[in-house]
Structure formats: structure tokens, C-alpha cells
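Inside the fold
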Amino acid sequence: MPKAAVDYLYYLRAEKLPHMWCPGCGIGIVVKSMIGAIDSLGWDKNDIAVISGIGCTSRAPGYMDMNTLHTTHGRALSFATGVKMAAPDKHIIVISGDGDATAIGGNHFIHACRRNIDITLIINNNNIYGMTGGQFSPTTPYGARAATTPHGNIDPAFDLVELAKGAGATYVARGAVDNARMMEKYFKDGMEHHGFSVIEILSNCHTQYGRRNKMADAITMIDWISDQVVSNKKAAKMSPEELEGKIITGEMYHNTELAEYTDEYAKLIERVQAKAALKA
Amino acid sequence: MSENILRYDSKKKDVVILIDRNLCKGCDICIKVCKPECLALVDAPDKWEGAVVDVVNADDCTFCKLCELQCPDFGIRILRKDEVGKIQFGDTKKTAAEQ
């Protein structure tokens, strides 16, 4: 029995469409997969809060008909932590770009990972600051051109999966924009996971990144991503030489053992209240 | 349905292809992912992008839904005949004008 069709417009502020992203932009596909995952989980849209910072990707909550919060640059996770602490029974999703999550919000990112608070973080990694004019970001590949690196980038790029794992996130996955079905699966698993989940999506910004690196349209850039990615099942059978220059996708880490932050906080309240009751 | 919603029924299968001309930006992604080559870009002088997707061969659609999943603009839907009308689609501009 095939899956019933998803009513995308039910989850969207349809009157705001068409959206402001460029033709062929991967963010639209990320938003669509996100809605697909929410729909397959059967969550009520009033129980979901979608929070973002600043940037192209962070415009996504504006189009989503849920509880949405558009916050300051890089601070989406701080606001999300506050929302989660105030309403621990709600589902919190943060959608963020690579610059927003890992450069300006880098500190918030590692500490949210460390806390293991039940938030799903979706990072749309398009290798560049798209909205502000194509400056290089911490995920711009070595040698790539950007508005601020006209002769090639000499900074090594961040590996967001390793960073999230190292900082203590309990669900880490990486998908690519060329495979919406897999992306939807990682979103679903990440949202279901009780703890901090990070899903990195390799996306295309042909307007700012592609135009400066001989990939000026969506198709060329999505093909470039497709050529680089290898699933983790396939990668297990490949030699280190074959994996040179490849990016491994798939579910990278899943730990259900570690304690979640709001649970620990509830326990703390209980403990302290019991102590106070004894004294009184 | 408004004139900006294009509807194509497959003669071979229980498949309906819907395209919203308001939302399509002519990015070419759906055409690239469609293996049976059901879709093509056509000129659209009324649109800023200058091109919009259209169906050239609805009968060969295999219901794989890749075009729908990969469309960044929510501009194309592949539905069963009985799902048309139950699933909201199109007329987003009209909603904006009403408000």
C-alpha cells in the first residue's frame, strides 16, 4: 500500500507562496521533506515550534503554518532551549543554515549538543553565506571561491557530523538534497529521537556559491553534490583511496542511552521539592 | 480550478499530474529526475523566469513521485484521481487577494 499523499499546503502559509528562494534552491526541498516527516509522524501542527535565526534557510519558518519564531543571527538554539524548557511536551525543530548554526551560532551549537536537550536541529549546508552576498562560511570547501575569497579559500572546512558527535549530540545524520526520500527518513528519525539530534543536509546555492565556482545552475550543482556523496553502507566496502574527496551520508550516530536535559531538570525539581517538604 | 492550474490525466493509469504555474519557477529539477520524460520546459512570457514546466507525456508517468519530492517550489503534484480535491493545491494567489 503506497503512502497517502501529503497535504503540503495544510502545513504551509499558502498565501505567502511563491517563496523568496531562487529557482532550484535546495531549501525548498528541505522544507518539503520536513513537512513529509512531520506528516508521517502524525504530529499536530499546533504542538510543533519551528525556530530559526537569520539567513536564507532561516526564512523557512515564515512559510510554515506552525508555531514559528524568527530570531537573531545564530541564536536560534538559545531561543529553542528556552521554548523547550518552558514547554517540554512540545516538539521543537530548529532550521538553520551553515553560517547561522556553526559560525555565528557555533558556541550555542556545541553547548546545545552537550546538553542533549530534545531539539531537532536541521542544518542546510550550502557552503556559503547566501543572503548576505556570498561570503565564505566555515563549511566552504578548501580552494573554493566566494565573495571574500576571490583567489580561493585557504581555510579547512568544518565536518559538521564529527563536530556534533564530538560535542555530544545523540542523533547525527547527514543527507543530501539530491535524495529527498532519505532526507525525509533522517528527519523523521531525528524528530522521533528523544535527545539532541543534528541532521546536516548538503544543499545547493548556485546563485552565490555555484556562480563563482562554474556551477551556475541548480542541475549542475545538484549533480556536483551527487558525485561527491557516498552512503555509509557503500563507504564501508570502499578503500581509503576510493573515499578520497567523498562525503559520507547516512545515519552516523544514534545513542538512546544518554539522559535528556528536560527529563533531568524535572527530576531535579522533584528532588529539591521533596527536600523542601521534609524541612517544612 | 483557475487557469494557472494545469491538470493532466493519464490514460493508462490512475494518475493525475497537477502543475501550479504561479509557483513553478522553471528550475528544471523535475524534468531532470523524470525517467520516462513526461515533463518539459515551455516558454512563459507572463512570468519573470520566462519558462514554466509542462506535461508532454502524461500516459508514461510511473507514479514514482520524484518530481513532486524534488520540487523546491511545491509547484507539481502527482495524485490518484480520488485524491484530487481532497488535497489542497493551487489558488495561493487568490487566497492572498482575499485577505
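Structure report, in brief. Quick caveat, the model's predicted, so the values are computed rather than measured.

Some details on the packing of helix 2 (residues 76–86) of chain A against helix 4 (residues 106–115) of chain A
When two helices pack together, their arrangement is captured by the angle between the axes and the distance separating the axes. All names here are of chain A. Contact pair helix 2 / helix 4: the axes reach a minimum separation of 8 Å and the direction vectors enclose 35 degrees. Contacts between helix 2 and helix 4 involve L77, S78 and T81 from the former and H108, F109 and A112 from the latter. Of the residues in the contact of helix 2 with helix 4, the class split is three nonpolar, three polar and no charged.

Things to note about the environment of A:G97
Secondary-structure assignment places A:G97 in strand 3 (residues 91–97). Placed 45 residues apart in sequence, A:G97 and A:S52 show a C-alpha to C-alpha distance of 8.9 Å.

With respect to the pairing of strand 1 (residues 48–52) of chain A
Residues and elements named next belong to chain A. Of all five residues in strand 1, five are buried, a share of seventy percent or more. Burial along strand 1 is two-sided: I48, V50 and S52 facing one way and A49 and I51 facing the other are all buried. Here four bridges tie strand 1 to strand 3, and the two strands are oriented parallel to one another. When the bridges of strand 3 are listed, I48 appears paired with H91. Pairing between strand 1 and strand 2 (residues 67–70): four bridges, direction parallel. Across the sheet, I51 pairs through a bridge with L69, a residue of strand 2.

What about the nonpolar core?
Membership of the largest hydrophobic core comes to 95 residues, with the highest contact counts inside it found for A:V94, A:I122, A:V198, A:I201 and B:C30. Of all the elements, helix 1 (residues 26–41) of chain A adds the most residues to this core, at eight residues. For A:I122, the contacting residues outside a window of four places in its chain are A:V30, A:M34, A:I93, A:V94, A:I95, A:F187, A:I199 and A:I201. Residues A:Y129, A:A146, A:C205 and A:Y209 belong to the second largest nonpolar core, which totals six residues.

Quick notes on the rules
Residues numbered from 1 in each chain as written. Chains lettered and ligands numbered in written order. Predicted model: local features only at pLDDT ≥ 70, side-chain atom pairs only at ≥ 80, totals over all residues. Axes fitted to C-alpha atoms, helices over the stretch in contact; angles between N-to-C directions. Helix = DSSP H or I, 4+ residues; strand = E, 2+ residues; numbered from the N terminus. Contact = placed C-beta atoms within 7 Å. Nonpolar A, V, L, I, M, F, W, Y, C, P; charged D, E, K, R; others polar. Buried ≥ 20, exposed ≤ 12 C-beta atoms within 10 Å, placed from the backbone. Pairing = 2+ DSSP bridges. Core = buried A, V, L, I, M, F, W, Y, C linked by C-beta atoms within 7 Å.

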